[in-house]
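The lines below spell out each chain.
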Amino acid sequence: MEEKSVRLNSCDEDEFRSGIEEINGLLSRIYPPTSSIMQAVDIKGQDYATYYYSAFSGALDLDSSLAVYDKVKNLVRIVVLMDRYFEVGNQRYRRLGQALIARLKREGDESLKSIIRFNMKQFWPFWKFEGYTKTLMLNGYRFSESEIRNFNLFKSSDAPLLYAPVLEAAVPGFPHSASLIIHYNQALQDIEDDLEDIQEDLRDQMPNIFILASLGNNPSKAYSKLYKHRMNGSKLSILENSSETILGIVNEYVTSIEGIGVPDQFKFLKYLSRDYAERITKKLPACIQESQRPAAA
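Residues numbered from 1 in each chain as written. Predicted model: local features only at pLDDT ≥ 70, side-chain atom pairs only at ≥ 80, totals over all residues. Heavy atoms only, no water.

Participant: A description of helix α3 (residues 36-44) should follow, citing residues and the corresponding values.
Facilitator: An α-helix turns once per 3.6 residues; consequently, residues spaced three or four apart project the same way. Taken as a whole, α3 has its buried residues at I37, M38, V41 and D42. Buried positions in α3, seen along its axis, are confined to an arc of 140 degrees and lie on one side of it. Every exposed residue of α3 that faces more than 90 degrees away from the buried side is listed here: S36 and I43. Summarising the contacts, the buried residues of α3 are in contact with α4 (48-59), α5 (62-88) and α6 (91-107). (Buried < 20%, exposed > 50% of the residue type's maximum accessible area, 1.4 Å probe, protein only. Helix = DSSP H or I, 4+ residues; strand = E, 2+ residues; numbered from the N terminus. Arc of directions from axis to C-beta. Contact = heavy atoms within 4.5 Å.)

Participant: Could you give an account of the environment of D61, with specific residues and numbers?
Facilitator: By the secondary structure assignment, D61 is in the loop between α4 and α5. Judged by relative accessible area, D61 falls into the partly exposed class, the value being 34%. In this structure the C-alpha to C-alpha distance between D61 and S177, which are 116 residues apart in sequence, comes to 22 Å.

Participant: Account for α6, naming residues and giving values.
Facilitator: In this model, α6 (17 residues) spans 24 Å end to end at C-alpha, consistent with the 24 Å of a helix rising 1.5 Å per residue. Within α6, the full set of buried residues consists of G97, L100, I101 and L104. Projection of α6 onto a plane perpendicular to its axis shows the buried side chains occupying an angular sector of 100 degrees, all on one side. Every exposed residue of α6 that faces more than 90 degrees away from the buried side is listed here: R95, R106 and E107. Each element contacted by the buried residues of α6 is listed here: α5 and α7 (110-123). Residue N90 occupies the N-cap position of α6, its side-chain oxygen lying 2.8 Å from the main-chain nitrogen of R92. (Expected span 1.5 Å × (residues − 1). Polar contact = N/O pair within 3.5 Å; in protein donor to acceptor, adjacent residues only side chain to side chain.)

Participant: Describe the packing of aromatic side chains, with residues and values.
Facilitator: Tallied over the full model, the rule gives 22 aromatic pairs. The interplanar angle of 80 degrees and the centroid separation of 5.2 Å between the aromatic rings of F123 and W127 together place this pair among those described as edge-to-face. Note on accessibility: F123 and W127 belong to one class, buried. Both rings, one in F129 and one in F151, keep their centres 6.2 Å apart while their planes meet at 40 degrees; by these two values the pair is tilted. With F129 in helix α8 (residues 125-138) and F151 in helix α9 (residues 145-155), the pair connects residues that are 22 residues apart, well separated along the chain. Ring pairs connect the aromatic residues Y85, F86, F123, W124, F126, W127, F129, Y132, F151 and F154, which therefore count as one cluster. Lying across the ring of Y48, K73 places its NZ or CZ 5.1 Å from the centre. R230 extends its terminal NZ or CZ atom over the ring of Y227, reaching a point 4.0 Å from the ring centre. (Phe/Tyr/Trp six-rings, centres within 6.5 Å; stacked < 30°, edge-to-face > 60°. Lys NZ or Arg CZ within 6 Å of the ring centre and 35° of its normal.)

Participant: Tell me about the pattern of salt bridges, and please be specific about residues and values.
Facilitator: Enumeration according to the criterion identifies 25 salt bridges in this entry. We note a salt bridge from R149 to E252, for which the minimum N-O separation is 3.0 Å. Of this pair, R149 sits in helix α9 while E252 sits in helix α15 (residues 234-258), and the two are 103 residues apart along the sequence. You can call E252 partly exposed: its relative accessible area is 32%. (Salt bridge = Lys/Arg side-chain N within 4 Å of Asp/Glu carboxyl O.)

Participant: Can you tell me about the nonpolar core, naming the residues and giving the values?
Facilitator: Counting residues in hydrophobic clusters, the biggest one holds 89 residues, and the most contacted among them are F16, L75, Y163, I191 and F210. Take this core: its biggest share by element is twelve residues, from α5. Residue contacts for Y163: discarding those within four places in its chain leaves Y51, V72, L75, V76, V79, D158 and Q186. (Core = buried A, V, L, I, M, F, W, Y, C linked by side-chain atoms within 4.5 Å.)

Participant: Outline the side chain of S157, listing residues and values.
Facilitator: Its place among the elements puts S157 in the loop between α9 and α10 (158-170). Polar contacts involving the side chain of S157 include one to the main-chain carbonyl oxygen of F154, which spans 2.6 Å. In contact with S157, other than residues within four places in its own chain, are F123 and H183.

Participant: Tell me about unusual backbone geometry, and please be specific about residues and values.
Facilitator: Excluding glycine, residues mostly have negative phi values, and the peptide bonds linking residues are mostly trans. One non-glycine residue with positive phi stands out, namely L60, at about 55 degrees. In this fold, L60 is placed in the loop between α4 and α5. On the basis of relative accessibility, which here comes to 52%, the residue L60 falls in the exposed class. Even without glycine at this site, Q205 takes up a positive phi of about 55 degrees. When you line up the elements, Q205 lands in the loop between α12 (198-204) and α13 (209-217). Residue Q205 is classed as partly exposed on the basis of its relative accessible area, which comes to 24%.

Right under this line is the structure:
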């Protein structure tokens, strides 16, 4: 692991992309999930290797970098479990999330306990805001591009509020500019997740920025109509009416990221930004084409 991490320091952008995926695979074997539900949670989580490698780039210490990875992964698990609870109301997710919080409060170091006590309370209002956004969506509200962007950035604020502070505690002098890029990168990944989850979010009646953008750009298409035809044609309508808005937000993020200065050891964060944006840009036309294919007989 240490050898591969050191080698990544000298990789170009294309080599880095494949190298970080290899490290992510190694990390998942070092810290395997303890149950099937945690396995599903870990798949839903994102970017674990980024936090490990950010710590390694800043401190060049394998043990402390692995500790950062473990802490971030547990925090992500809490967010994913509670997110699922607020989406579907299943008490099992809430109990698992609260049990993990209690364990980390008992076993974690002071920096992790502080993040759970203080930073997590700053992110907690997102779920209430998501519920408010859902009410607006179901009642036919037309969301502006600014409101959609703000919803996406709020949704991704677990990165700067919970995960980046783990790096700040472990890496002396960890730059705020790197935390800012990490926030944008999380926002890009959340956009990609929303693209993959359109059908699921439509079924569960949950806010999804593609659905929000579609409603704002097509006044004749009410949410009730999208929901009614969710198994036959709604996804194509959503994609056709939201793609331009979402790609505009993606390009805005990339432009902002490119203007942020970071020390050389953290420039790999911009490699990841371009990769995330490129994946969304490539997937959108493919998703539209897939939605246009007739259903199998």
